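Spelled out, the chains give:
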Amino acid sequence: MDGAHSVDAGRILQIAEVTARPTAIRCMGRSYHASAQGDTVVFHDVTDITRPITLGTAHRTDGHAWDIVTARGRRLPPATELLPVLVALRRAYWP
């Protein structure tokens, strides 16, 4: 997957584990990339590689959780795990 780091199936990946190198995630029949830019993780739907879609971001807080914001600026509940964030961002993008 174009240089992305794959995640083992069944493993719970925390948002804090995402690095600058894109992390590839497959969920709900779609492909996603998550990559860190400082204290922010950016999420993309890359199912159609000719038209990647930015779904939103996670911003590190002072606590353990991350603040989640959709690409349209809507705030979602704080989270720590990657998969629930992708599900929430996808639902917010395609209701």
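Refer to the preceding data block for the structure.
Quick caveat, the model's predicted, so the values are computed rather than measured.

Student: How should I be thinking about the pairing of strand E6 (residues 66–70) in this particular structure?
Tutor: In the case of a regular strand, side chains alternate between the two sheet surfaces. When you tally the buried positions in E6, you get four out of five residues, the bulk of the element. Where strand E5 (residues 53–60) and E6 come together, five bridges link them in antiparallel fashion. Bridging across to E6, Gly56 finds its partner in Thr70. In this structure, the hairpin formed by E6 and strand E7 (residues 75–79) is closed by a connection of four residues, where Gly73 is found at a positive phi of approximately 90°.

Student: What is the right way to look at the nonpolar core in this model?
Tutor: For soluble globular proteins, nonpolar side chains are generally found buried alongside one another. If you look at the biggest cluster of nonpolar residues, it comprises 21 residues, and the most contacted ones within it are Ile15, Val41, Phe43, Ile68 and Leu82. Listing elements by their share of this core, those giving two or more residues are strand E2 (23–27), strand E3 (30–37), strand E4 (40–45), E5, E6, E7 and helix H1 (82–93). When residues of this core are assigned to their parent elements, the largest contribution, four residues, is made by H1. Not counting residues up to four positions away in its chain, the partners in contact with Ile68 are Ile15, Thr57, Ala58, Arg74, Arg75, Leu76, Pro77, Ala79, Val85 and Leu89.

The rules behind the values
Residues numbered from 1 in each chain as written. Predicted model: local features only at pLDDT ≥ 70, side-chain atom pairs only at ≥ 80, totals over all residues. Heavy atoms only, no water. Buried < 20%, exposed > 50% of the residue type's maximum accessible area, 1.4 Å probe, protein only. Helix = DSSP H or I, 4+ residues; strand = E, 2+ residues; numbered from the N terminus. Pairing = 2+ DSSP bridges. Core = buried A, V, L, I, M, F, W, Y, C linked by side-chain atoms within 4.5 Å. Contact = heavy atoms within 4.5 Å.

Purely geometric numbers; function is a separate question.
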